[in-house]
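# Descriptive structure summary
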Amino acid sequence: MAKPIVRLSFVQAGVLGALALLVLRAGQVQIVEGRRHAAEAAAQRTEHVVLEARRGTLSDRHGTALALTQETYHVGIAPNELRDPRTDAAVIARRLRLAPRDLDRALRRRYAWFSGPYTALDVEPLRSVRGVHLEPVLRRFYPSAQFARAVIGRVGDDGLGASGLERLLDSLLAGTPGSAVVLKDRAGREYESPARVIAQPIPGHDIVLTLDAELQEIAQRALDDALERMDAEGGDVVMLDPVTGEVLAVASRHRDGSARPSAFTETFEPGSLAKIFAAAALLEHGRVKATERVSGEGGTYRMRGRPTPLTDEHPLPSLTLADAIRVSSNIALAKFAARLEPSEQYETLRAFGVGTPTGIEFPAEAQGKLRLPSEWTGPSSTSLAIGYELSVTPVQLAAAYGAIANDGVLLQPTLIREIRDPSGAVRYRHRPEPVRRAVTSDVAARLRDLLRGVVEAGGTGERAALANFQLAAKTGTARRVVDGRYAPGQYTASFAALFPADDPQLVVVMKIDNPQKGSYFAAQTAAPVTRSMLEQALAARTVALDRARLSNVAPTAERAPLEEPDGLVPYVMSVPPPPASDSDRVQPKRAVPDVTGRPLREAALTLHRRGFRVVVKGWGVVHHSWPAAGADAKAGTTVTLFAEPRH
Amino acid sequence: MSLLAALWAVIARQTASLNAARALTDLRAERAGLEGRRDELERRIRTAGSRAVLLPRAEKLGLRLPADTEIILVPAPPPPLN
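Each chain has its residues counted from 1, running along the sequence as written. Each chain is given a letter, starting from A, and each ligand a number, starting from 1, according to the order in which they appear as written. Thresholds applied to this predicted model are a pLDDT of at least 70 for local features of residues and 80 or more for the giving and counting of side-chain atom pairs; totals over whole chains, interfaces and linings are not thresholded and use all residues.

## Topic: the overall build of chain B
When you go through chain B residue by residue, the secondary structure sums to 2 helices and 0 strands. Each residue is classed by its C-beta neighbour count within 10 Å, where at least 20 other C-beta atoms makes it buried, 12 or fewer makes it exposed, and intermediate counts make it partly exposed; the C-beta atoms are placed from backbone geometry. Looking at the 82 residues of chain B, the share that counts as buried comes to 7%. Strands here are runs of E lasting at least two residues and helices are runs of H or I lasting at least four, both read from the DSSP assignment and numbered beginning at the N terminus.

## Observations concerning the overall build of chain A
Looking only at helices and strands, chain A features 21 helices and 28 strands. Each radius of gyration reported is based on C-alpha atoms, and the globular scaling rule is 2.2 Å times the count of residues to the power 0.38. For 647 residues, the compact-globule estimate of 2.2 N^0.38 gives 26 Å, and the C-alpha radius of gyration of chain A, at 37 Å, exceeds that figure by more than 25%. For the C-alpha atoms alone, the extent of chain A along its principal axes is close to 145 × 75 × 50 Å. The burial tally for chain A puts 42% of its 647 residues in the buried class. When contacts within chain A are restricted to residue pairs at least 6 apart in sequence, those whose partners lie at least 24 apart make up 71%. With C-beta atoms placed from the backbone, a contact is any residue pair whose C-beta atoms sit within 7 Å.

## Examining the sheet that holds strand β25 (residues 613-617) of chain A
All names here are of chain A. Two strands pair under a simple rule: DSSP has to find at least two bridges between them. Taken in spatial order, the 3 strands make up an open sheet running β25-β28-β26, and their pairing is mixed. Single-partner strands in this sheet number two, and they are β25 and β26 (621-626). Ignoring which end each strand starts from, the neighbouring axes of this sheet average 30° apart. Pairing geometry for β26 and strand β28 (residues 638-644), over 5 bridges, is antiparallel. In this analysis, axes come from line fits to C-alpha atoms, helices being fitted only over the stretch in contact, and the angle between any two N-to-C directions falls in the range 0 to 180 degrees.

## Side note on the interface of chain B and chain A
Counting residues at the interface gives 30 residues for chain B, matched by 40 residues for chain A. Listed by contribution, the elements that provide at least two residues to the side of chain B that touches chain A are α1 (2-48) and α2 (51-60) of chain B. Lys, Arg, Asp and Glu make up the charged group, whereas Ala, Val, Leu, Ile, Met, Phe, Trp, Tyr, Cys and Pro make up the nonpolar group; the residues left over, Gly among them, are polar. Split by residue class, the side of chain B that touches chain A holds 15 nonpolar, 5 polar and 10 charged.

## A short note on the pairing of strand β6 (residues 178-183) of chain A
Residues and elements named next belong to chain A. Bridge analysis of strand β1 (residues 46-51) against β6 gives 6 bridges, and the strand direction is antiparallel. Across the sheet, the residue bridging to V50 is S179, located in β6. Relative to strand β7 (residues 196-199), β6 runs antiparallel, the two being bridged by 3 bridges. Across the sheet, A180 pairs through a bridge with V197, a residue of β7.

## Comments concerning the domain arrangement of chain A
All names here are of chain A. Reported domain spans reflect what an automatic or database domain assignment gives. Under the domain assignment used here, chain A contains domain 1 (49-209), domain 2 (213-552) and domain 3 (561-644). Each of domain 1 and domain 2 has a C-alpha centre, and the two are 45 Å apart. If you look at the interface, domain 1 gives 21 residues, while domain 2 gives 21 residues. Those elements that place two or more of their residues in the side of domain 1 that touches domain 2 are α6 (149-152), α7 (164-168) and β8 (206-209).

## Quick notes on the nonpolar core
Joined through C-beta atoms within 7 Å, a set of buried Ala, Val, Leu, Ile, Met, Phe, Trp, Tyr and Cys residues constitutes a nonpolar core. With 133 residues, the main nonpolar core has L471, A473 and L498 of chain A as its most contacted residues. Inspection of this core shows a minimum of three residues originating in each of domain 1 (49-209) and domain 2 (213-552) of chain A.

## Concerning the confidence of the model for chain A
Residue and element names in this part refer to chain A. When pLDDT is averaged along chain A, the result is 87; 93% of the residues meet or exceed 70. Values of pLDDT, which run from 0 to 100, indicate the predictor's confidence residue by residue. The spread of mean pLDDT over the elements of chain A runs between helix α20 (residues 582-585), the lowest at 45, and helix α16 (residues 394-405), the highest at 97. Overall, residues 557-585 carries pLDDT values under 50, and its contacts beyond four positions in sequence, including any with other chains, amount to 31 contacts.

## Comments concerning the sheet that holds β6 of chain A
All names here are of chain A. Strand order in this open sheet of 3 strands is β1-β6-β7, and the pairing throughout is antiparallel. In this open sheet, the two strands that pair with only one neighbour each are β1 and β7. For this sheet, the mean angle separating the axes of adjacent strands, direction not counted, is 25°.

## Examining helix α21 (residues 600-609) of chain A
Residues and elements named next belong to chain A. Along α21, 10 of the 10 residues are buried, which leaves the element largely enclosed by surrounding structure. Where α21 is concerned, the buried positions are L600, R601, E602, A603, A604, L605, T606, L607, H608 and R609. Those residues of α21 that are buried lie in contact with β25, β26 and β28. Looking one or two places after α21, you find G611, whose phi comes out positive at around 95°.

## Notes on the confidence of the model for chain B
Chain-level pLDDT for chain B is 83 on average; 89% of the residues reach the 70-or-more range. The ipTM value of the predicted complex is 0.78, and its pTM value is 0.78.

## Some remarks on the environment of R452 of chain A
Residue and element names in this part refer to chain A. Turning to its location among the elements, R452 is positioned in helix α17 (residues 441-455). Residue classification places R452 among the buried residues on the basis of 22 C-beta atoms within 10 Å. Each C-alpha atom, one on R452 and one on I512, is 22 Å from the other, the two residues being 60 residues apart in sequence. The residues contacting R452, other than those within four sequence positions of it, are Q470, A472 and A501.

## Let's talk about the packing of helix α9 (residues 213-230) of chain A against helix α18 (residues 526-539) of chain A
All names here are of chain A. For the pair α9 and α18, interaxial distance at closest approach is 10 Å and the crossing angle is 150°. One finds that α9 runs roughly antiparallel with respect to α18. Considering only the axes of α9 and α18, their crossing is right-handed. Facing L215, I218, A219, A222 and A226 of α9, the residues of α18 in contact are V529, S532, M533, Q536 and A537. Across the contact of α9 with α18, the residue classes break down as 8 nonpolar, 2 polar and no charged. Should an angle lie under 35 degrees it is considered roughly parallel, over 145 roughly antiparallel, and from 65 to 115 roughly perpendicular; all remaining angles are considered oblique. Here a crossing is taken to be left-handed if its near helix is turned anticlockwise relative to the far helix by less than a right angle, and right-handed if that turn runs clockwise.

## Examining helix α1 (residues 4-32) of chain A
For α1 of chain A, spanning 29 residues, the distance from its first C-alpha to its last is 40 Å, which sits close to the expected 42 Å at 1.5 Å a residue. Of all 29 residues making up α1 of chain A, only 0 are buried, and the element is barely covered by its neighbours. Under the convention used throughout, the expected extent of a helix is 1.5 Å for every residue step, that is, one less than its residue count.

## Remarks on the environment of M230 of chain A
Residue and element names in this part refer to chain A. In this fold, M230 is placed in helix α9. For M230, a count of 23 C-beta atoms within 10 Å corresponds to the buried category. Once the C-alpha coordinates of M230 and A65 are considered, the two residues, 165 residues apart in sequence, prove to be 33 Å apart. The contact partners of M230, leaving out residues within four places of it in the chain, are I512, P515, Q516, K517, G518 and T525.

## Some words on unusual backbone geometry
All names here are of chain A. In the segment running from G116 into P117, the intervening peptide bond is cis, with an omega of 0°. Tracing the backbone shows P117 in strand β4 (residues 112-119). At D407, a position not held by glycine, the phi torsion is positive, near 55°. In this structure D407 comes out as partly exposed when scored by C-beta crowding, with 17 C-beta atoms within 10 Å. Unlike most non-glycine residues, N514 shows phi in positive territory, near 50°. Along the chain, N514 falls in the loop between β23 (506-513) and α18.

Put into structure tokens, the structure is as follows:
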């Protein structure tokens, strides 16, 4: 047996060896593999979470929110944590709108999960219930679900824009998600601790659309009523500001209930609405004089190379170009258009944007159809003059008619008025974007005169006429193409109007597909509906119409001779009213004009021009006034008009 | 002694930050609740003020939309000349 000293040496060597191994292992763990272990430890007790960015708001031109992002919640329940399971379950079932039986079944599991999402109002009383865990999630919210639905579009389940403007503007609206690190326990549950934010989420841009909520509602409602009353398959309405190119309202409806944005994506043959473009080409190239007449051919005219004769519903013996537009004569337009070279006709149509996308910010905008002259057949020139062999979208038509209203300059229509960054700073503001000059200013004025005739007595758009404001408009009734063929007995009724005819503020295009009840002619279908929409727009307070400009436009009724003002005091009221002065007291007396039987507006205008203030009682036409007609009164005296409904 | 003081400082700081985090969470929840309430009220106002709701009620009361002859736009005075 070895000596004790030797054994001790062995023990010492063993202990030292073990210590050395320990040091080496410690070195390996802490120095060589230190980073890996640190990362594993961090991964076990922390978690990276994505902080969702708030999606930008879409609002109308007046700031009314159309699409916004709300914080909503998924709800998780740990049944074993509930203090009073029976009472708590009743509260939970009520707030989450669950059947008690379904909730009971869910609470038998270890952890019940309800994805909802539930609004902050729904879950408010659950915040204080122990065992209820709320997980916030941002959700897109549309305050008026049916409001311009096809245009605004929707956000998909992945939070990205799926259709309409939500899709097109996704990169602007989405924002940039942030990230943070949170602490968690061994079981993976998050500690209630402040998250360490690595990057703050950046909210998306807010976008102000050009749409006017009130006009949009007027358009949608008018379209719904019209489709129901006429038992039509569908229709579209577009309202556009011709001076800026801003789309104020766009509505599309279909009997099958689909929310297709057909005003942008579906084309149709415009029929007589395109006659004004043939007239534009004739005037631009000086191929017709105002007094020149062609024969109406008794309403039936066979053209060489055309298999079917041209017909007119209400033929005139002879027609000028103005007559041809007023009564929408196919025969006269075809005869006039025969004077045009194909290239001239093509270039004018092209100049008005036919066959090219307008460039409006909308996904999958259709470009329509306009064939090159080299592809035309014999009757093509005639067909194009009366609105066949070409196709357009309602938005293209609105832009083209907008060019006539805008002194011949075609503008790019737009749906976006303003883009603001998260701090509220304006990053983009729409300015009118001219595409090209379609016709000269002089020709545009003459085209407006031609369109004015359509709404006068004897014109096809007579039923759209307003009593106090002049319209310039055109009707169109065209055979309808279904699956590439003309469907027998099916028509598209359409109407385009510039309101008012002088200094237009609004272009309205209405299209009704296959009206089946009553007449299918645009004169009886789309024209009166357009009139109704314009009356509603006039009566609405917040609609984007410049009433100061409207009030200075000569109204139709005023075309009848009125008593001339004496020129002393053009208007008594100024805004704000000036303080009384000595000059007021020395105003000469004058006779109160007789306005009995006159419409209120006309009477008010007459009295204002005479220097009186006006108060109106009742509505309709003026029955009498106080002071009475003929009585002497000072300028500035208030004259009360008593009106009664027109009998 | 200094070790105890350091420990106390760390614990106090963490407690304060936890309280702040809890208050922040509560405020966020309250803000979300108020925003939700505002959105819901706006939606109800919009619905109640819509033509779909107002027009039938107005018609029941014997009211109707005015024709354009009944809308009086009084011309604005010309701007003063400087």
